[in-house]
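Okay, here's what each chain looks like letter by letter:
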Amino acid sequence: MKLQQKIIIEGQMPTEKSRTKALGIAVVADGVSSVEIGGERKDQMVVIGTGVDSVCLTSSLRKRLGHAILVSVEEVKDKPTSATPTPIQYSWAPSYYEPYPHMGMYPPVSYEPTQPTCSLM
């Protein structure tokens, strides 16, 4: 079982176009599950994945963007799950819905043929 790792790569990404290009390069790497742009100047990329080759990713970014430095690689620890699930509390509000009064059926309407009203016929 491989553990997830968090890789931080710093590079030259001054424009939105270069950031998009860097994200596109990182997303197609094997084992990547998420990619984010971070840092104060948005010059760092945080890659999280399982079995990601950080050196290969950094060198491919360096080839296509110009400048890229591998800052850190660390293990992502899962949050501990509690043994007992927390109970869900439901509350019901009283219903104040009053249905409309039931209307009786209207008296049947009969249509009887009458004399034509047209005098030409």
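Since the model is a prediction, treat every value here as computed from it, not as a measurement.

Chemist: Help me understand empty space enclosed by the protein, please; the structure alone is not making it clear to me.
Modeler: Rolled over the atoms, a probe with the dimensions of a water molecule shows which regions are left empty. Tallied over the full model, the rule gives one cavity of 30 Å³ or more. Roughly 40 Å³ of internal volume is contained in the largest cavity. As for the largest cavity, its lining consists of Ile 9, Glu 10, Gly 11, Met 13, Ala 22, Met 45, Leu 61, Leu 65 and Ala 68. Sort the elements by how many residues they give to the lining of the largest cavity and strand S1 (residues 4-11) lands first, with three residues.

Chemist: Help me out: how do you make sense of the nonpolar core in this one?
Modeler: The biggest cluster of nonpolar side chains holds 15 residues, and the ones touching the most others in it are Met 45, Val 47, Leu 57 and Leu 61. Counting residues per element, the ones that place at least two in this core are S1, helix H1 (16-27), strand S2 (32-38), strand S3 (44-50) and helix H2 (54-65). The residues contacting Met 45, other than those within four sequence positions of it, are Ile 7, Ile 8, Ile 9, Met 13, Ala 22, Leu 23, Ala 26, Val 35, Glu 36, Ile 37 and Leu 61.

Chemist: Mind showing me how you'd approach the packing of H1 against H2 here?
Modeler: A pair of packed helices is captured by two measures, namely the crossing angle of their axes and the spacing between those axes. The interhelical angle for the contact between H1 and H2, taken along N-to-C directions, is 145°, at an axis separation of 10 Å. Note on packing geometry: the crossing formed by H1 with H2 is right-handed. Contacts from Ser 18, Lys 21, Ala 22, Ile 25 and Ala 26 in H1 reach Leu 57, Ser 60, Leu 61, Arg 64 and Leu 65 in H2. Here the contact of H1 with H2 is built from residues that sort into six nonpolar, two polar and two charged.

Chemist: I tried to follow the environment of Asp 53 on my own but got confused; where do I start?
Modeler: Structurally, Asp 53 can be placed in the loop between S3 and H2. Residue classification places Asp 53 among the partly exposed residues on the basis of a relative accessible area of 49%.

Chemist: So what exactly am I meant to see when it comes to the pattern of salt bridges here?
Modeler: Two side chains with opposite charge may pair up if their charged atoms get near one another. All told, the structure shown has two salt bridges when counted by the stated rule. Of the charged contacts in the structure, one is a salt bridge between Glu 16 and Arg 19, with a shortest N-O distance of 3.2 Å. Remark: Arg 19 and Glu 16 occur in helix H1; sequence separation between them is three residues, near one turn of the helix. Take Arg 19: its relative accessible area is 12%, and that puts it in the buried class.

What counts as what
- Residue numbers run consecutively from 1 along every chain, following the written order of its sequence.
- Per-residue local features are limited, in this predicted model, to residues with pLDDT of at least 70; the limit for side-chain atom pairs, both in listing and counting, is 80 or more; totals at the level of whole chains, interfaces and linings are taken over all residues.
- Computation of side-chain values covers all heavy atoms of the structure but excludes hydrogens and water.
- Cavities and pockets were defined on a 1 Å grid built over protein atoms only: a cavity is a set of grid points that admits a 1.4 Å probe from which the probe cannot escape, a pocket is an open set flanked by protein on both sides within 12 Å along at least five of seven lines, and lining residues are those with an atom within 4 Å of any such point.
- Grid points are joined across faces, edges and corners, and a volume is the space filled by probe spheres set on the points.
- By definition, any uninterrupted DSSP run of H or I lasting at least four residues is a helix, any uninterrupted run of E lasting at least two residues is a strand, and each is numbered from the N terminus.
- As used here, the term nonpolar core means buried Ala, Val, Leu, Ile, Met, Phe, Trp, Tyr and Cys residues forming a set that is joined through side-chain atoms within 4.5 Å.
- Exposure classes here rest on a 1.4 Å probe applied to the protein chains alone. A residue is buried below 20% of its type maximum, exposed above 50%, and partly exposed in between.
- Any two residues whose heavy atoms approach within 4.5 Å at even a single point are treated as in contact.
- To define axes, lines are fitted to C-alpha atoms, for helices over the stretch in contact only, and angles between the resulting N-to-C directions are given on a 0 to 180 degree scale.
- Crossing chirality is assigned from the near helix's rotation relative to the far helix, an anticlockwise turn below a right angle marking it left-handed and a clockwise turn marking it right-handed.
- In the scheme used here, Gly and all other residues not listed as nonpolar or charged are polar, with Ala, Val, Leu, Ile, Met, Phe, Trp, Tyr, Cys and Pro taken as nonpolar and Asp, Glu, Lys and Arg as charged.
- For salt bridges, the criterion is a side-chain nitrogen of Lys or Arg within 4 Å of an Asp or Glu carboxyl oxygen.

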